[in-house]
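Architecture and fold: a report
Chain residues, written in single-letter form:
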Amino acid sequence: MNKRATIIGAGFSGLSLAYFLQRRGWKVELFNQSNQPGGLAAGFREKGWQWPLDSFYHHLFQQDRAFRHWLQEMFPTITIDYPRPKTSLLLEGKIIPFNGTADLWRLPGFHWNQKLHLGAGMGLLKFSPWLPIFARQTVSRLPQLLGAQAFGEIWKPLLSAKFGDLWPEVALGWFWARIKSRSSRLGYPQGGFAGLADKTLAYLKQKHVSIYQQQKLSRLRPGNNGHWQFTFNGRRHHSGETTILALPFPESLRLIGPLLPRRQQQQWQQWPSRAALTLVLRLRKPFLMDNTYWLNILNPVFPFVVVVEHTNFISPAHYNGEHLVYVGGYYANDDPLLRQRPATILRRFTPWLRKIRLDFENDLIGFNVFRARAAQPVITPYFTRLRPGLETGLPNLYWLSQNHIFPWDRGLNWTVANTKKLARLIDSKTRKRPRAS
Ligand SMILES: Cc1cc2nc3c(=O)[nH]c(=O)nc-3n(C[C@H](O)[C@H](O)[C@H](O)COP(=O)(O)OP(=O)(O)OC[C@H]3O[C@@H](n4cnc5c(N)ncnc54)[C@H](O)[C@@H]3O)c2cc1C
């Protein structure tokens, strides 16, 4: 008889783990709170669109091999396109291209020795291998590495928008990983990530994975013979031989924290994170007329930090000719913006959007707002040392989340790399273990 694994959470962690375990001969059951798969990379589809759109902007980098291999293994006919979309900075009200060395030399208002310092610092990070010092130091070393002007005018506004007042505590390793692993060519699968999550779910069903959607795990307790007892929507369920929590870290901690050593629970509960919000605009005409895909906003008074014009990256033909723009930011988990109605958020952002394109409202077809709490863990040297392993230390119970990823920045590629490793670990541990009666 097959061994049975119970996975909670059908984001890309839960989906890819279900795939790897069923490939290894496990009988898998997958529970998810939401009524759609994909978690942070789930999406929505408007009438007339050929493809759904991810609720939060997503792309891959050329180095993201684990994700690419998984996709090719599961769906050999789905291709990933790697165009080279344009990145720009909004600097003193002007859109300035920022795609590579040539643009660096054209940065307005920067003395040549500052440009040289920035170029050398970026090169050093890009070509440096991982060094333990990156985990011990924080980004407050960056002015020395990248030059005071470049840090103050480019990186500091971005870091403080992403991490709020906590930015000086972010590990230098987090910044190194972003520079190291990024390519100027960006990957996007046919049908988008939301479409891919739907296809993966259909594939898993075909492979006899049992899927239970709209099932929120509210309680988890040790059961008999090393199994776990769950409560979903008020109903009880008994786990298979192995249980995996593929949930946001604070949610897993809410569920199993009281079962962990007290000191560990208290330390992990203090691990800060930031919420993410996107306002998605559907327009008749482009918003960023110069074909910019990714516009970093360097002025901290703006209530958002990035404008991502998806259809300057992927053809609007997939979306019935509509031009789709994400206006995104990171916020404290208790920021009132996260509770406001979509129309209030549009009203709040509109004066700032007009500074970029004055008449955008004339082309507005519609808009949506998406928000997720604990969407970005704050990676500090302290939490780097305390980061959890894939084993919880509780019998037959494993976990993985964005907080398990280091030194690389959280993302789909490292998520899949971790699930592949976890499937191997679970399989080898269970082979050594006598079967529960
Ligand atoms: C704004 C933004 C942009 C991003 N851009 C990129 C990018 O360009 N490239 C990239 O690679 N990555 C990107 N990421 C990161 C990427 O989205 C995540 O790393 C990845 O989706 C995490 O997957 P996950 O399955 O671990 O978690 P999640 O996606 O959070 O999935 C968790 C799942 O658990 C379910 N769940 C939660 N609580 C319960 C419960 N109690 N019971 C049952 N189910 C529950 C949820 O419904 C969800 O389906 C981005 C993230 C954000 C926020």
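Residues numbered from 1 in each chain as written. Predicted model: local features only at pLDDT ≥ 70, side-chain atom pairs only at ≥ 80, totals over all residues. Heavy atoms only, no water.

1. Some thoughts on the packing of helix α2 (residues 65-74) against helix α9 (residues 192-206)
- Across the interface, α2 lies against α9 with an axial gap of 12 Å and an inter-helix angle of 50 degrees. Looking at the two axes, α2 sits oblique to α9. By crossing handedness, the relation of α2 to α9 is classed as left-handed. For the pair formed by α2 and α9, the contact residues are F67, W70, L71 and M74 on the first element and F193, L196, T200 and Y203 on the second.
- Partitioned by chemical class, the residues of the contact of α2 with α9 number 7 nonpolar, 1 polar and no charged. (Axes fitted to C-alpha atoms, helices over the stretch in contact; angles between N-to-C directions. Helix = DSSP H or I, 4+ residues; strand = E, 2+ residues; numbered from the N terminus. Parallel < 35°, antiparallel > 145°, perpendicular 65-115°, else oblique. Left-handed = near helix turned anticlockwise from the far one by under 90°. Contact = heavy atoms within 4.5 Å. Nonpolar A, V, L, I, M, F, W, Y, C, P; charged D, E, K, R; others polar.)

2. Notes on the sheet that holds strand β8 (residues 94-97)
- Taken in spatial order, the 7 strands line up as β8-β7-β16-β17-β18-β15-β19 in an open sheet, and their pairing is mixed. Both edges of this open sheet fall to β8 and β19 (364-377), since each of them pairs with a single strand only. Each strand of the sheet is rotated relative to its neighbour by a mean of 20 degrees, with strand direction disregarded.
- In terms of strand pairing, strand β7 (residues 86-91) meets strand β16 (residues 292-297) through 5 bridges, oriented parallel. Residue pairing across strands places L90 opposite I297, the latter belonging to β16. (Pairing = 2+ DSSP bridges.)

3. Here's the deal with the packing of aromatic side chains
- Under the counting rule described, the total for this entry stands at 40 aromatic pairs.
- Aromatic side chains F67 and W70 sit 5.5 Å apart centroid to centroid with 75 degrees between the ring planes, which places their arrangement in the edge-to-face category. With F67 and W70 both in helix α2, this residue pair falls 3 residues apart, about one helical turn. Assigned by exposure class, F67 and W70 land together as buried. (Phe/Tyr/Trp six-rings, centres within 6.5 Å; stacked < 30°, edge-to-face > 60°. Buried < 20%, exposed > 50% of the residue type's maximum accessible area, 1.4 Å probe, protein only.)

4. Remarks on the site of the ligand
- Close to the ligand lie 31 residues; S13, N32, H58, E251 and L412 are nearest.
- Separating an oxygen atom of the ligand from a backbone N or O atom of G411 is a distance of 3.4 Å.
- Take L412: an N or O atom from its main chain is 2.7 Å from an oxygen atom of the ligand.
- Burial of the ligand by the protein amounts to 93% of the accessible area it has alone, namely 1,000 Å².
- Counting residues per element, the ones that place at least two in the shell around the ligand are α1 (12-23) and α14 (412-432). (Near = heavy atom within 4 Å. Polar contact = N/O pair within 3.5 Å; in protein donor to acceptor, adjacent residues only side chain to side chain. Areas by Shrake-Rupley, 256 points an atom, 1.4 Å probe, with all protein chains shown as cover.)

5. A word on the packing of α1 against α2
- Put simply, α1 and α2 touch, their axes get as near as 12 Å, and they point 55 degrees apart. Accordingly, the angle class assigned to the pair α1 and α2 is oblique. Considering how the two elements wind past one another, α1 and α2 form a crossing that is left-handed. Residues F12, S16, Y19, F20 and R23 of α1 form the contact with α2, whose participating residues are F67, W70, E73 and M74.
- Residue composition of the contact of α1 with α2, grouped by class: 6 nonpolar, 1 polar and 2 charged.

6. A look at the side chain of N32
- Mapping N32 onto the fold places it in the loop between β2 (27-31) and β3 (43-44).
- By relative accessible area, N32 is classed as buried at 10%.
- At 3.5 Å, the side chain of N32 and the backbone oxygen of S34 are in polar contact.
- Among the polar contacts listed, one links the side chain of N32 to the backbone oxygen of Q36, at a separation of 3.1 Å.
- Setting aside chain neighbours within four positions, we find N32 in contact with G9, A10, P37, Y212, Q213, Q214 and Q215.

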